[in-house]
Amino acid sequence: MIDRSKLFDILIEQAPVGFCLFDTDLRCMLINNYLAAVDGLPVHAHIGKSIEEIIPTVWPSVKPYTDHLLATGSPVSGEVFGETPLLPGVKRYWNLSLLPYRDDEGKLIGLAAIVNETTGQKLAEEAILERKDLLEGINRILQSALTCITETELGLVCLDVIIRLTRSRIGFIGERNPEGLMQIAAVQPCSEHVLPNLEPFKIHGIYGRVIQSGESVLTNDPANHPDSIGLPPRHPHLSSFLGVPMTRDGRVCGILAVGNREDGYTMEEQEMLEALSPTVVEAFQRKRARDALESFNRALEQKVEQRTSELLHAEKLAAIGRLSASFAHEFNSPLQAIMTILKIFEMSSTLNPEERKFLAAAIDEGKRMKDLIGSLRDFHKPSSGRKVLMDVHATIDSVLLLCKFDFNRNKILTSMHYAENLPQIKAIPDQIKQVFLNLLTNAADACLDRGGIILIRTWQEGPIIAVEIQDTGVGIPLGNLEKIFQPFFTTKPAVKGTGLGLSVCHGIVQSHGGTIRVESEPGAGSIVTVYLPINI
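All values reported here derive from a predicted model rather than from experimental measurement.

### A short note on the overall build of the protein chain
Part 1 of the argument: Each helix and strand counted, the protein chain has twelve helices and 17 strands in total.
Part 2 of the argument: In the protein chain, which comprises 536 residues, the proportion classed as buried is 39%.
Part 3 of the argument: For the protein chain, the share of sequence-separated contacts (at least 6 apart) that also reach a separation of at least 24 residues comes to 58%.
Part 4 of the argument: Here the protein chain displays about 30,700 Å² of accessible surface, and carbon together with sulfur accounts for 56% of that area.

### Description of the sheet that holds strand 5 (residues 108-117)
Part 1 of the argument: In spatial order, the strands read 2-1-5-4-3; together these five strands make up an open sheet with antiparallel pairing. The sheet is open, and its two edges are formed by strand 2 (28-31) and strand 3 (76-82), each paired on a single side. The average undirected angle you get between the axes of adjacent strands in this sheet is 25°.
Part 2 of the argument: Where strand 3 meets strand 4 (residues 92-102), seven bridges bridge the pair, whose relative direction is antiparallel. Opposite F81, over in strand 4, you have Y93 as the bridge partner.
Part 3 of the argument: Docked against the sheet, helix 4 (residues 59-72) engages strand 3, strand 4 and strand 5, running at close to 155° with respect to strand 3.

### A few points about the pattern of salt bridges
Part 1 of the argument: Following the criterion strictly, the structure yields 15 salt bridges and no others.
Part 2 of the argument: Note that R209 and D227 form a salt bridge whose closest N and O atoms lie 3.0 Å from each other. Pair noted here: R209 is in helix 7 (residues 205-213) and D227 is in the loop between strand 8 (217-219) and strand 9 (241-248), with a separation of 18 residues, a long-range link.
Part 3 of the argument: Look at R209 and you get partly exposed, because its relative accessible area is 36%.
Part 4 of the argument: Among the ionic contacts, a cluster of salt bridges with common partners joins E151, E175 and R288.

### What about the sheet that holds strand 10 (residues 251-259)?
Within a sheet, adjacent strands bond to each other through the backbone by hydrogen bonds, running parallel or antiparallel.
Part 1 of the argument: The five strands are arranged 7-6-10-9-8 in an open sheet whose pairing can be described as antiparallel. Looking at which strands have only one partner, the edges of the open sheet turn out to be strand 7 (182-188) and strand 8. In this sheet, adjacent strand axes meet at a mean angle of 15° when their direction is disregarded.
Part 2 of the argument: Pairing geometry for strand 6 (residues 170-176) and strand 7, over six bridges, is antiparallel. The residue of strand 7 that forms the bridge with E175 is Q183.
Part 3 of the argument: Of the strands in this sheet, strand 6, strand 7 and strand 10 touch helix 6 (residues 151-166), which is tilted by about 60° from strand 7.

### Regarding the packing of aromatic side chains
Part 1 of the argument: Tallying each qualifying case throughout the model produces three aromatic pairs.
Part 2 of the argument: Measuring from centroid to centroid gives 6.0 Å for F81 and Y93, while their planes differ by 45°, and the two rings are tilted. Here the residue F81 occupies a position in strand 3, and Y93 occupies one in strand 4, the gap between them amounting to twelve residues.
Part 3 of the argument: Judged by its relative accessible area of 33%, F81 is partly exposed.
Part 4 of the argument: The class of Y93 is buried, set by a relative accessible area of 6%.
Part 5 of the argument: These aromatic residues form a ring-pair network of at least three members: F172, Y207 and F241.

### Notes on the nonpolar core
Part 1 of the argument: Grouped together as the largest cluster of nonpolar side chains are 34 residues, with contacts concentrated most on L440 and I454.
Part 2 of the argument: Residue contributions to this core peak at seven residues, all from helix 11 (residues 429-446).
Part 3 of the argument: In this structure L440 touches V399, L400, C403, F407, I454, I456 and I469, once residues within four positions along its chain are discounted.
Part 4 of the argument: L134, L159, I173 and L256 belong to the second largest nonpolar core, which has 29 residues in total.

### A closer look at helix 4
Part 1 of the argument: Between its terminal C-alpha atoms helix 4 stretches 20 Å, which fits the 20 Å expected from 14 residues at 1.5 Å a residue.
Part 2 of the argument: Buried-residue contacts for helix 4 involve helix 3 (51-54), strand 3, strand 4 and strand 5.
Part 3 of the argument: Backbone geometry just after helix 4 places G73 at a positive phi near 75°.

### Overview of the pairing of strand 4
Part 1 of the argument: The pairing of strand 4 with strand 5 spans nine bridges and is antiparallel. Each bridged residue has a counterpart across the sheet, and for P100 the counterpart in strand 5 is L111.
Part 2 of the argument: Where strand 4 hands over to strand 5, the hairpin turn is made up of five residues, of which G106 adopts a positive phi near 90°.

### Section: the environment of S74
Part 1 of the argument: One can find S74 in the loop between helix 4 and strand 3.
Part 2 of the argument: By relative accessible area, S74 is classed as partly exposed at 30%.
Part 3 of the argument: For the pair S74 and P100, spaced 26 residues apart in sequence, the C-alpha to C-alpha distance is 6.7 Å.
Part 4 of the argument: Once residues within four sequence positions are removed from consideration, S74 is found in contact with H68 and L69.

### Focus: the pairing of strand 7
Part 1 of the argument: Most of strand 7 is tucked away: six of the seven residues are buried.
Part 2 of the argument: Between strand 6 and strand 7, which pair antiparallel and follow one another directly, the connecting turn spans five residues, one of which, G180, has a positive phi of 85°.

### Quick word on the side chain of E175
Part 1 of the argument: Examined against the element boundaries, E175 turns out to sit in strand 6.
Part 2 of the argument: Classification of E175 as buried rests on a relative accessible area of 14%.
Part 3 of the argument: Within the structure, E175 has its side chain in polar contact with the side chain of R288 (distance 2.7 Å).
Part 4 of the argument: Other than its neighbours up to four places away in sequence, E175 contacts L181, M182, Q183, A185, M246, R248, C253, G254 and R288.

### Overview of the packing of helix 10 (residues 392-409) against helix 11
Part 1 of the argument: The contact between helix 10 and helix 11 brings their axes to 10 Å, and the two run at 40°. One finds that helix 10 runs oblique with respect to helix 11. When the axes of helix 10 and helix 11 are compared, the crossing they make is right-handed. Contacts between helix 10 and helix 11 pair V392, T395, I396, S398, V399, L400, C403 and F407 from the former with K433, F436, L437, L440 and A444 from the latter.
Part 2 of the argument: Tallied by class, the residues present in the contact of helix 10 with helix 11 amount to ten nonpolar, two polar and one charged.

Parameters at a glance
- Residues numbered from 1 in each chain as written.
- Predicted model: local features only at pLDDT ≥ 70, side-chain atom pairs only at ≥ 80, totals over all residues.
- Heavy atoms only, no water.
- Helix = DSSP H or I, 4+ residues; strand = E, 2+ residues; numbered from the N terminus.
- Buried < 20%, exposed > 50% of the residue type's maximum accessible area, 1.4 Å probe, protein only.
- Contact = heavy atoms within 4.5 Å.
- Areas by Shrake-Rupley, 256 points an atom, 1.4 Å probe, with all protein chains shown as cover.
- Pairing = 2+ DSSP bridges.
- Axes fitted to C-alpha atoms, helices over the stretch in contact; angles between N-to-C directions.
- Salt bridge = Lys/Arg side-chain N within 4 Å of Asp/Glu carboxyl O.
- Phe/Tyr/Trp six-rings, centres within 6.5 Å; stacked < 30°, edge-to-face > 60°.
- Core = buried A, V, L, I, M, F, W, Y, C linked by side-chain atoms within 4.5 Å.
- Expected span 1.5 Å × (residues − 1).
- Polar contact = N/O pair within 3.5 Å; in protein donor to acceptor, adjacent residues only side chain to side chain.
- Parallel < 35°, antiparallel > 145°, perpendicular 65-115°, else oblique.
- Left-handed = near helix turned anticlockwise from the far one by under 90°.
- Nonpolar A, V, L, I, M, F, W, Y, C, P; charged D, E, K, R; others polar.

Structural data, given as structure tokens:
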């Protein structure tokens, strides 16, 4: 017959799990070699001692299970953890099953414990969770690069992820600026007590070691680190520090730094922060690329809007031109008939001197109307787009003829000081006429309804001719001088201006190889000078 007691002893000793037996005072009565080896103590060192005496750091996690079994008499199991004398400083995990140990009468006289170590499995699970947290953090940072409005907001998201994963209390992201100084991109927690001076500062100390060497720095005693230079005023106490370099295109461009982890930093946190560094760099690059693209799109949309408005403006001018040509044609025929009749009356010998005076005045006005119709027709004639030799003075005179009615109505006088023998220039006539018309119209509008004087001067400067148009109007505020050639900028009411006049003038003059200069004094008027090459 098999000796059951001997078989029991064999099973206990050879089973690949820990086994021990405790009395109701939780003192060890029996322990197998497997469990004794786990503790790192010989079997006899366990006998008669309590669990708290044998493994004091594990006892707090064991006590709830022993209390439960002693109170209920029911089996219980769960996870326990702590350090053992064999491996001090190393946290280990076990699966504990407690079973009631009773005498023949069913009285509880002790507890039987079956212990199976799960440290490897637990660490693998924690590694998987950390890996999952790391991947989620990377995903959050990259997503934020597409949603954050500002770089500071993106930096705070990055730091929130970094501080949470490394279990730190403070952190910052610093970038090396073009002057070689440290520029803080983001700091966390964002308060007046953490890195209060956010102005660029010299790269030195422990931070400087990270950037200058391009290598990570981990210290749990920052004050005594060889590169320590102390802390600036109001900086929080630094009990531990971890900094890793950020690199872009093979060059160190900044630093990720965290501090004040409760238990200090290990290589595990350093490896995690080094894994996050490329993601932070990429996130900032994505953010800046997105901002640049949005800025380009806005500029392109403004350009399209400007071009569309200019085309609409050109279409309106073309429509006015067609209407003007039609009016000129319709008026010219009856005017020719009137002029013919007046010429016939002029040859009559029966007219007295006073009648001849009135007749001469009528003929002169008829000629003026003929010239006006001719100027109107020429001004709105479809452009050939070709540059030809043109007389600047004759062009200005034809434009003044068109403006004469408005000038007289608004009590605006004109004074011309033309240079003698001013050479012709090679230009597109209708475009140059449009420039002068816009400038003269602006000069008249600046005089408002109070009247004024418009002075026109011309001169030659070597291969350049200059046309100066000066008014005695209200002038241009200094803040607007830099904007006057921008499309759609206008200080006129909507019914009088589109903001395209000076912009179009500027474009036409530039396309002819010339320039426009504007001088103005608020309340004293403006001087606009157009410089055009004689022959290009």
